[in-house]
Amino acid sequence: MEMLQNAEFWIGLIKIIWINIILSGDNAVVIALAARSLPAEQQKKAIMFGSGAAVVLRIGLTVVAAKLLELSYLQIIGGILLLWIGTQLLHGEEEDNGEDGEKAGLWVAIRTILIADLVMSLDNVIAVAAAAKGSMTLLVLGLAISIPLVIFGSKLMIKLMDRFPVIIILGAGLIGWVGGETIVSDVALKSFVEANSWLHLAGPALGAALVLAIGKLGNKSKPE
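Residues numbered from 1 in each chain as written. Predicted model: local features only at pLDDT ≥ 70, side-chain atom pairs only at ≥ 80, totals over all residues. Heavy atoms only, no water.

Draft legend 1. Quick peek at helix α7 (residues 136-163). Between the first and last C-alpha of α7 there are 41 Å, a value that for 28 residues agrees with the 40 Å anticipated at 1.5 Å per step. Of the positions making up α7, those classed as buried are L138, L139, G142, L143, S146, V150, I151, G153, S154, M157, I158 and M161. (Helix = DSSP H or I, 4+ residues; strand = E, 2+ residues; numbered from the N terminus. Expected span 1.5 Å × (residues − 1). Buried < 20%, exposed > 50% of the residue type's maximum accessible area, 1.4 Å probe, protein only.)

In structure tokens form, the structure reads like this:
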């Protein structure tokens, strides 16, 4: 009861909710892009499994995230993975027929969601952990709060993508932006990026442009 009456606890919780609202957006976009081509029932499963597994990943990352971000070249590898995921998502749907095709599509979507979330959650987890200030209760609450945010955001994004297809392009561009941003944030490039501050903007912009360009070329090469 003392904890619930503690103003610092509630301030920390509000901070964590706000951080989750801001930082869960890109995760919701990835889930929506990965699940949009699936049948309605498969979409629900991809969103639920993807979101649930992503939160489990975040719990594991909480322990090691700060140390991982100190490793050279890890964020470069992660950023390149995000660029690849962005181009794959922009390529659109491949035709899969039958139950086996649907199952394969579902697991491909879940795998894509997990890989992207693993890369993008490092900074998110550190931000939430910092706001929690060592409180395990706040940390668990923060991670729990992210589940409905991501699920609701993903469902909303899928509906918007169906109605406004341009959002698919914007979403893929966002993943490319985050990928470029992740690459230039790597410890190995720290001194170089600090000496060339324009890279803070150029790196993400180049990542977004690369994803959109490769995705567009991939779509053009598809047979009608």
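Draft legend 2. Expanded view of the side chain of T182. One can find T182 in helix α8 (residues 166-184). Residue classification places T182 among the buried residues on the basis of a relative accessible area of 11%.

Draft legend 3. Expanded view of the packing of helix α3 (residues 25-35) against α7. At a minimum axis distance of 8 Å, the contact between α3 and α7 shows a crossing angle of 50 degrees. By the criterion of interaxial angle, the relationship of α3 to α7 is oblique. Every pair of crossing elements has a handedness; the one defined by α3 and α7 is right-handed. Residue-level inspection shows N27, A28, V29, I31, A32, L33 and A35 of α3 in contact with α7, the latter providing V150, G153, S154, M157, I158 and M161. Across the contact of α3 with α7, the residue classes tally to 10 nonpolar, 3 polar and no charged. (Axes fitted to C-alpha atoms, helices over the stretch in contact; angles between N-to-C directions. Parallel < 35°, antiparallel > 145°, perpendicular 65-115°, else oblique. Left-handed = near helix turned anticlockwise from the far one by under 90°. Contact = heavy atoms within 4.5 Å. Nonpolar A, V, L, I, M, F, W, Y, C, P; charged D, E, K, R; others polar.)

Draft legend 4. Structural detail: the environment of E181. Assignment of secondary structure puts E181 in helix α8. For E181, a relative accessible area of 38% gives the class partly exposed. Expressed as a C-alpha distance, the spacing of E181 and P204, which sit 23 residues apart in the sequence, is 4.6 Å.

Draft legend 5. Structural view of a nonpolar patch on the surface. Taken together, the side chains of F152, L156, L160, F164, V166, I169 and L170 define a hydrophobic patch exposed on the protein surface, amounting to about 660 Å² of accessible area. If you list the elements that add at least two residues to the nonpolar patch, you get α7 and α8. For L156, the position within the fold is in helix α7. (Patch = residues over 30% accessible without salt bridge, like charges linked within 9 Å, V, L, I, M, F, W, Y side chains within 5 Å. Areas by Shrake-Rupley, 256 points an atom, 1.4 Å probe, with all protein chains shown as cover. Salt bridge = Lys/Arg side-chain N within 4 Å of Asp/Glu carboxyl O.)

Draft legend 6. Broad picture of the packing of α3 against α8. Where α3 contacts α8, the axes come no closer than 10 Å and their chain directions differ by 125 degrees. Here α8 runs oblique to α3, going by the angle between their axes. Two packed elements cross with a definite hand, and for α3 against α8 that hand is left-handed. The segment α3 lies against α8, with D26, V29, V30 and L33 engaging I168, G171, A172, L174, I175 and V178. A class-by-class count of the residues in the contact of α3 with α8 yields 8 nonpolar, 1 polar and 1 charged.

Draft legend 7. Structural context of the packing of aromatic side chains. Within this structure, the stated rule accounts for 1 aromatic pair. For the pair F49 and W107, a centre-to-centre distance of 6.4 Å together with 25 degrees between the ring planes defines the contact as stacked. A residue pair is termed long-range when its members are at least 10 positions apart, and F49 in helix α4 (residues 40-68) and W107 in helix α6 (residues 98-132) qualify at 58 residues. (Phe/Tyr/Trp six-rings, centres within 6.5 Å; stacked < 30°, edge-to-face > 60°.)

Draft legend 8. Structural view of the nonpolar core. If you look at the biggest cluster of nonpolar residues, it comprises 35 residues, and the most contacted ones within it are L33, L82 and M161. Looking at this core, the elements that each hand over two or more residues are α3, α4, α5 (74-90), α6, α7 and α8. When residues no more than four places from it in sequence are discounted, the contact partners of M161 are V29, A32, L33, R36, I167 and I168. Counting residues in hydrophobic clusters, the runner-up holds 9 residues, among them F9, I19, A132 and L138. (Core = buried A, V, L, I, M, F, W, Y, C linked by side-chain atoms within 4.5 Å.)

Draft legend 9. A look at the confidence of the model for the protein chain. On average, residues of the protein chain carry a pLDDT of 79, and 85% of them reach 70 or more. The spread of mean pLDDT over the elements of the protein chain runs between helix α1 (residues 2-5), the lowest at 49, and helix α9 (residues 190-195), the highest at 92. When the criterion is pLDDT under 50, residues 93-98 qualifies, and its contacts beyond four places in sequence or with other chains add up to 4 contacts. (pLDDT = per-residue confidence, 0-100.)

Draft legend 10. Unusual backbone geometry, seen in detail. Phi angles above zero are rare outside glycine, and Y73 is one such case at about 75 degrees. Assignment of secondary structure puts Y73 in the loop between α4 and α5.

Draft legend 11. Molecular detail of the environment of V184. For V184, the position within the fold is in helix α8. A relative accessible area of 14% means that V184 is categorised as buried.

Draft legend 12. Focus on the side chain of R36. Tracing the backbone shows R36 in the loop between α3 and α4. Of note is the side chain of R36, whose polar atom sits 3.3 Å from the backbone oxygen of L89. (Polar contact = N/O pair within 3.5 Å; in protein donor to acceptor, adjacent residues only side chain to side chain.)

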